[in-house]
Amino acid sequence: MTTVKSGMTTLTHFIGGEMKAGKSDRFGKVYNPSTGEVTALCPYASADEVNETVEVAHAAFAGWKNTSVGKRVEILHRFRSLLVQETDKLAEMIGLENGKTISDAKGEISRGIESVDFAINAPQMLKGEYSVNVGGDINAYSLKQPLGVVAAISPFNFPVMVPLAMTSMAVAVGNAVILKPSERVPNSALFISELWKKAGLPDGVWTIINGDKEAVDAILRNPKVHAISFVGSTRVAEYVYHEGCRNNKRVAAFGGGKNHMIIMPDADLDQAVNAFLGAAYGSASQRCMAISAAMPVGEKTAEVFVQKLRTRVKELKVGAYNDEQADFGAVITQESKDTILKYINESLAEGAELTVDGRNPEICEKENGFYLGATLLDRVTPEMKIYRDEVFGPARIVVHVNSLDEAIELINSHEYGNGVTIFTESGSAARKFTEQIEVGMVGVNVPIPIPVGYHNFGGWKRSKFGEGHMFGPDTVRFFTKTKTVSEKWPEAKAKDHKTEFAFPSNN
Ligand code: NAD
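Residues numbered from 1 in each chain as written. Predicted model: local features only at pLDDT ≥ 70, side-chain atom pairs only at ≥ 80, totals over all residues. Heavy atoms only, no water.

What follows deals with the packing of helix H2 (residues 69–85) against helix H7 (residues 186–199). Axes are the key here: two packed helices are described by the angle between their axes and the distance separating the axes. Where H2 contacts H7, the two axes come as close as 8 Å, and the packing angle between them is 135 degrees. By the angle between their axes, H2 is oblique relative to H7. Considering only the axes of H2 and H7, their crossing is right-handed. Taken together, the residues of H7 that come into contact with H2 (itself represented by Ile 75, Leu 76, Arg 78, Phe 79, Leu 82 and Leu 83) are Ile 192, Leu 195, Trp 196, Lys 198 and Ala 199. Within the contact of H2 with H7, the residues separate by chemical class into 9 nonpolar, no polar and 2 charged. (Axes fitted to C-alpha atoms, helices over the stretch in contact; angles between N-to-C directions. Helix = DSSP H or I, 4+ residues; strand = E, 2+ residues; numbered from the N terminus. Parallel < 35°, antiparallel > 145°, perpendicular 65-115°, else oblique. Left-handed = near helix turned anticlockwise from the far one by under 90°. Contact = heavy atoms within 4.5 Å. Nonpolar A, V, L, I, M, F, W, Y, C, P; charged D, E, K, R; others polar.)

What follows is the structure, given as structure tokens:
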């Protein structure tokens, strides 16, 4: 899979069923966030390399499209078995390049496999509609056909789950797929390619092109790429959406989030604290669905909730990806660590209260990894930058509100609308909340309301640009186009040769 250049492992692309060296002579460093070491160089494709690659995928499309759906699904079954067999190896690879703990990486893989499971339903999902005798011996039916070459551009925080969620159905319904993984975690994507090959996927149907903005821009501009599924930060999602649409592509671009947890006065506070801990700090808070802000309703609720939470947050342990005692791992880069520290320090200057200080965890004295402990900031107000922006690291906040109405209003006025949850024992509060909240994925007494693989996934407002969802039935609609056929096979003798100039009616 790799070649060695000046003592450093140099990664490849995966094109036409083979690992292919980059030709651009541009490379980026891949880190092990747990040690701070550079582990590999990732090739950054030039626009020419991307365009050549699209041709390879385009050539493979016709054969794949014409492969029976049963045969395609057989390959997906084998791919699924290989993912299960190789889970340990893949989890180690995710931990090494992303920094998340092995148990978290295994969780991500199993959620990724859900998307493959759902894609195995392609024959069922592709069934069209059929109407007999819509008029004058005419039958009408619709069919869903693949788009051709489609692309997925993925983020660093889920090196396996997000690519599988974006691409499994796209492959199953007959497209040729190009994945441009995050340049920070290219190993996992290359490994997945080996599994597709072993599963029997024809060469060219699955491609990895590594790179940065130059590769993304070439994908966005290539006329043979028909759809783009993007997951990443809102700034880039918005750009990809507009640039893709400008080039007449179908685009669904999923961006960042600022996810709230409302804690009502009647909630079981121990349950809410437990839920908050995992949902807020798991994966070093580097999840688009991580809870960022706790919103206890009423001062009494806030006092007890923060008191209970403070004790538990202090006990959280950050460590290397393979440290079994660690609750979460390092953040992705030193740059990311610096950004998170800046948010914490600025919020303190703006008046937030430092309830738990994770800025300098003990591990930093021994290790050079990009570690940050769990930080909890109380009395954060909606004007503060730490409230307004997505903070992709373990600095979590508490915002006090006086009523459910105030909580709903505040959340609805936030620019993001990815996930939200409420902890309450009141059915009417939950009903009002689910009805009025302007967020795409909503939980009631659930820590992270991330939908299962057979339901649609996607946020509202500036958390998603374009139509279509990830996971679920919408992926089939997104990666196919509908054709509607009206068909008449009159008996030879009854052939009617009369020309009609009036608009066809069904009489
Ligand atoms: P990112 O936006 O930096 O990168 C995502 C992808 O875009 C990468 O493949 C990267 O190479 C490419 N990219 C980066 N800058 C670009 C540019 N200027 N032009 C074109 N392409 C560019 O995101 P990230 O840091 O890798 O991932 C974290 C972000 O992803 C967070 O904001 C998180 O909330 C979001 N995310 C969202 C979801 C969701 O479903 N809504 C899921 C996972 C992650």
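Next, the rest of the story.
Another point: the side chain of Thr 480. Its location among the elements puts Thr 480 in strand S24 (residues 480–488). In contact with Thr 480, other than residues within four places in its own chain, are Leu 126, Lys 144, Gln 145, Pro 146, Leu 147, Val 173 and Arg 250.

Next up on the list: unusual backbone geometry. In the Ramachandran plot, Asp 137 falls in the positive-phi region, its phi being about 65 degrees despite a non-glycine side chain. Along the chain, Asp 137 falls in the loop between strand S7 (130–135) and strand S8 (138–146). Phi angles above zero are rare outside glycine, and Lys 461 is one such case at about 50 degrees. In this structure, Lys 461 sits in strand S22 (residues 460–461).

The ligand sits among 26 residues. The nearest are Lys 180, Glu 183, Ser 233, Gly 255 and Glu 390. At a separation of 2.8 Å, an oxygen atom of the ligand approaches a polar backbone atom of Ser 154. Measuring from an oxygen atom of the ligand, one finds a backbone N or O atom of Gly 232 at 3.2 Å. Elements represented by at least two residues in the shell around the ligand include exactly helix H8 (213–221) and strand S12 (225–231). Of the residues contributing to the shell around the ligand, the split by class is 13 nonpolar, 8 polar and 5 charged. (Near = heavy atom within 4 Å. Polar contact = N/O pair within 3.5 Å; in protein donor to acceptor, adjacent residues only side chain to side chain.)

We now examine the domain arrangement of the protein. Per the domain assignment, the segments of the protein are domain 1 (3–255 + 463–484) and domain 2 (259–444). The straight-line distance from the C-alpha centre of domain 1 to that of domain 2 is 31 Å. In this complex, domain 1 contributes 22 residues to the contact, which on the side of domain 2 involves 23 residues. Summing both partners gives a buried area of about 1900 Å² for domain 1 against domain 2, and 57% of it is carried by carbon and sulfur. Across the pair Asp 104 and Arg 287 runs a salt bridge, and its minimum N-O distance is 2.9 Å. The interface formed by domain 1 and domain 2 includes 10 residue pairs in polar contact (both at pLDDT 80 or more). (Domains from an automatic or database assignment. Buried area = accessible area lost by both parts, 1.4 Å probe. Salt bridge = Lys/Arg side-chain N within 4 Å of Asp/Glu carboxyl O.)

All right, on to helix H6 (residues 161–172) then. The terminal C-alpha atoms of H6 lie 17 Å apart, and with 12 residues this matches the ideal 16 Å at 1.5 Å per residue to within 8%. Here H6 has its buried residues at Met 161, Val 162, Pro 163, Leu 164, Ala 165, Met 166, Thr 167, Ser 168, Met 169, Ala 170, Val 171 and Ala 172. Where H6 terminates, the next one or two residues include Gly 174, which has phi positive at roughly 110 degrees. (Expected span 1.5 Å × (residues − 1). Buried < 20%, exposed > 50% of the residue type's maximum accessible area, 1.4 Å probe, protein only.)

Before going further, it helps to spend a moment on the pairing of strand S20 (residues 419–423). Counting buried positions along S20 yields 5 of 5 residues, so the element is predominantly enclosed. The alternating pattern of S20 places Gly 419, Thr 421 and Phe 423 on one face and Val 420 and Ile 422 on the opposite face, and all of these are buried. Pairing analysis gives 4 bridges linking strand S14 (residues 259–263) to S20, with the strands arranged parallel. Bridge assignment links Ile 262 to a residue of S20, and that residue is Ile 422. Looking at chain direction, S20 and strand S21 (residues 441–444) are connected through 4 bridges and run parallel. Each residue of the ladder has a partner; that of Val 420, found in S21, is Val 442. (Pairing = 2+ DSSP bridges.)

Here we come to the sheet that holds S20. With respect to topology, 7 strands assemble into an open sheet ordered S16-S17-S18-S15-S14-S20-S21, the strand pairing being mixed. With partners counted over all chains shown, the strands left at the sheet margins are strand S16 (353–356) and S21, one partner each. Strand after strand, the sheet turns through a mean of 20 degrees between neighbouring axes, direction not considered. On top of the sheet, helix H11 (residues 299–314) reaches S14, strand S15 (291–296), S16, strand S17 (375–378) and strand S18 (395–398); it is set at about 50 degrees to S16, its chief contact.

By the secondary structure assignment, Leu 82 is in helix H2. Since its relative accessible area comes to 12%, Leu 82 is described here as buried. Along the backbone, Leu 82 and Ile 192 are 110 residues apart, and their C-alpha atoms lie at a distance of 9.4 Å. Beyond its immediate chain neighbours, meaning those up to four positions away, Leu 82 contacts Leu 195, Lys 198 and Ala 199.

Turning to the pairing of S15, a few remarks are in order. Taking burial as the measure, the 6 residues of S15 include 6 buried ones, the bulk of the element. Pairing of S14 with S15 involves 5 bridges; the strand directions are parallel. Among the inter-strand pairings, Ile 262 is bridged to a residue of S15, identified as Met 295. The β-α-β motif built from S14, the intervening helix H10 (residues 269–281) and the parallel element S15 has right-handed crossover chirality. Note that S15 and S18 share 2 bridges and pair parallel. Of the residues in S18, the one forming a bridge with Ala 293 is Ile 397. (Right-handed = clockwise from strand over helix to strand, strands pointing away.)

This part takes up the packing of aromatic side chains. The full count for this structure, using the stated rule, is 12 aromatic pairs. A centroid spacing of 6.3 Å and a plane angle of 80 degrees characterise the contact between Phe 276 and Tyr 281, whose relative ring orientation is edge-to-face. Grouping residues by exposure puts Phe 276 and Tyr 281 together as buried. (Phe/Tyr/Trp six-rings, centres within 6.5 Å; stacked < 30°, edge-to-face > 60°.)

In contact at an axis separation of 10 Å, H2 and helix H4 (residues 102–119) are set at 165 degrees when each is read in the N-to-C sense. Of the possible angle classes, the one that applies to H2 and H4 is roughly antiparallel. Handedness of the H2/H4 crossing: left-handed. From H2, Leu 76, Phe 79, Arg 80, Leu 83 and Val 84 reach across to H4, where they touch Ile 113, Val 116, Asp 117 and Ala 119. Tallied by class, the residues present in the contact of H2 with H4 amount to 7 nonpolar, no polar and 2 charged.

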